[in-house]
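Given next are the chains, with one letter for each unit.
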Amino acid sequence: MIRGDTIMSECFRYLYLHNDKLKASESFKDTYLLRGTSLYEVVRIISGKAVFLCEHYSRLTKSAKKVGLEIMYNFEQLHGCIKTLVEKNDCKEGNIKLVFNFDGKDKNFYAYFVQHYYPTASQYKNGVRTLIHQAERPTPTAKVYNHKLRSKTNNLIAEAGIFEVILLNKLGNITEGSRSNLFFIKDNALYTSPDNEVLNGIVRSKVLKIADQLGIPVHYRSISYDEIPQYEAAFLTGTSPMVLPISRINSISFSVNHQLLFDIFDAYGKMVQENLIKNS
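Here is what the cut-offs are and how they apply
Residues numbered from 1 in each chain as written. Predicted model: local features only at pLDDT ≥ 70, side-chain atom pairs only at ≥ 80, totals over all residues. Heavy atoms only, no water. Pairing = 2+ DSSP bridges. Helix = DSSP H or I, 4+ residues; strand = E, 2+ residues; numbered from the N terminus. Buried < 20%, exposed > 50% of the residue type's maximum accessible area, 1.4 Å probe, protein only. Polar contact = N/O pair within 3.5 Å; in protein donor to acceptor, adjacent residues only side chain to side chain. Core = buried A, V, L, I, M, F, W, Y, C linked by side-chain atoms within 4.5 Å. Salt bridge = Lys/Arg side-chain N within 4 Å of Asp/Glu carboxyl O. Axes fitted to C-alpha atoms, helices over the stretch in contact; angles between N-to-C directions. Parallel < 35°, antiparallel > 145°, perpendicular 65-115°, else oblique. Left-handed = near helix turned anticlockwise from the far one by under 90°. Contact = heavy atoms within 4.5 Å. Phe/Tyr/Trp six-rings, centres within 6.5 Å; stacked < 30°, edge-to-face > 60°. Lys NZ or Arg CZ within 6 Å of the ring centre and 35° of its normal.

A. The arrangement of the sheet that holds strand β8 (residues 106-114) in detail. Judged by pairing direction, the sheet is antiparallel, and its six strands sit side by side in the order β4-β3-β8-β7-β5-β6 without closing on themselves. Every interior strand has two partners, whereas the edge strands, β4 (21-24) and β6 (49-50), have only one. Taken together, the two bridges between strand β5 (residues 37-46) and β6 define a ladder with antiparallel strand orientation. When the bridges of β6 are listed, I46 appears paired with K49.

Right under this line is the structure:
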């Protein structure tokens, strides 16, 4: 990130972890993530506790397996790292990024707070604007750091004044957001991309569980850009946005007052609280 003449690292707060050592955040370089392959997760911290950490760890190990690598920390070690960062940075609310970097025989683990951009109360009420961008992940089902895609979408978000960029693949199908998953609503049913076309986010998996509990039909299908206007509502899911209504995709408008949206939002909020209580 560049502000004026100063290059700002994504590492936030005072201290970060490099393997088992705490270091000053000013010494962190974003280029650490560009060497070799970096697998990562961003975990939300609420009241000093990591939300759905078991699920994040499971996805990390699955991502590693898909690209022929192996995570070098177990769950207890990762949990301890997060606890250390929360305590040493005296920060109980925010996002922590966990990165496992593999560069030949050189293996490194980094954990640090990143600046978070949570939606405002107004955005949850009125929805957010999004923009279509033709791009796709090389390995969509594994969470591998993709600097080129992230930089491009960050620039589009800043330049267009939007909340998120929606990815369009080479077949002309809508897949997911640059840092979120995507759902559409029609006839009281959910529509989302097939699992093999997207990174199955933690919040996405919880929404699918909620749909099963509430008896909401879910259709997994590739959705072409031309089909978008036929849907009544749309929403994003992700660590920071949680469950967030979309008001517009390009010039196409959607309802932000759909009852199904409210039901899913409320159910997810209860699920988060139950997870925090369970991990108290």
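B. Quick look at the pairing of β5. Of all ten residues that make up β5, nine are buried, and the element is covered over most of its length. In terms of strand pairing, β5 meets strand β7 (residues 94-103) through nine bridges, oriented antiparallel. Paired with I45 across the two strands is G94, which belongs to β7. Here β5 hands over to β6 after two residues, with S47 in that stretch at a positive phi of 55°.

C. A look at the side chain of K97. Structurally, K97 is set in strand β7. Its relative accessible area of 3% is what places K97 among the buried residues. Reaching out from K97, the side chain makes a polar contact with the side chain of E10 at a distance of 3.0 Å.

D. Highlighting the nonpolar core. Grouped together as the largest cluster of nonpolar side chains are 44 residues, with contacts concentrated most on F184, L190, F235 and F254. Put simply, the parts of the chain that give this core at least two residues each are β9 (128-134), β10 (164-168), β12 (181-186), β13 (189-192), α5 (202-214), β16 (233-238), β17 (242-249) and α6 (259-278). Of all hydrophobic cores here, the second largest spans 24 residues; its members include Y57, C81, L85 and F109.

E. Looking closely at the pattern of salt bridges. Scanning all chains against the criterion turns up five salt bridges. Between E10 and K97 there is a salt bridge whose closest N-O contact spans 3.0 Å. Remark: K97 occurs in strand β7 and E10 occurs in the loop between β2 (6-7) and β3 (11-18); sequence separation between them is 87 residues. For E10, a relative accessible area of 24% puts it in the partly exposed group. Between E55 and K206 there is a salt bridge whose closest N-O contact spans 2.7 Å. Here E55 is found in helix α1 (residues 53-66), whereas its partner K206 is found in helix α5, with 151 residues between them in sequence.

F. Examining unusual backbone geometry more closely. With phi around 50°, D90 is a residue other than glycine that occupies positive phi space. Take D90: it is sitting in the loop between α2 (75-88) and β7. A positive phi is found at D187, a non-glycine position, where the angle reads about 50°. A residue is classified by how much of its surface remains accessible, and D187, at 61% relative accessible area, is exposed.

G. Broad picture of the packing of α5 against α6. In the contact formed by α5 and α6, the axes pass within 10 Å of each other and the chain directions differ by 110°. Relative to α6, α5 is oriented roughly perpendicular. Our pair here, α5 against α6, has a crossing hand that is right-handed. Each of V203, K206, V207, K209, I210, Q213 and L214 in α5 lies in contact with α6, whose residues at this interface are D263, I264, A267, Y268 and M271.

H. Molecular detail of the packing of aromatic side chains. Using the criterion set out here, one finds 15 aromatic pairs in the structure. The interplanar angle of 85° and the centroid separation of 5.3 Å between the aromatic rings of F28 and Y32 together place this pair among those described as edge-to-face. Accessibility assignment for this pair places F28 and Y32 in one class, buried. Centre to centre, the rings of F28 and Y110 are 5.9 Å apart; their planes meet at 85°, and the pair counts as edge-to-face. Of this pair, F28 sits in the loop between β4 and β5 while Y110 sits in strand β8; the two residues are 82 residues apart in sequence, bridging distant segments of the chain. The class for F28 is buried, based on a relative accessible area of 4%. A relative accessible area of 2% means that Y110 is categorised as buried. Through a chain of ring-to-ring contacts, the aromatic side chains of Y16, F28, Y32, Y110 and Y112 assemble into a single cluster. Directly above the ring of Y118 sits R44, whose terminal nitrogen or CZ lies 3.6 Å from the centroid. When the ring centre of Y40 is taken as reference, the NZ or CZ atom of K97 above it lies at 4.8 Å.

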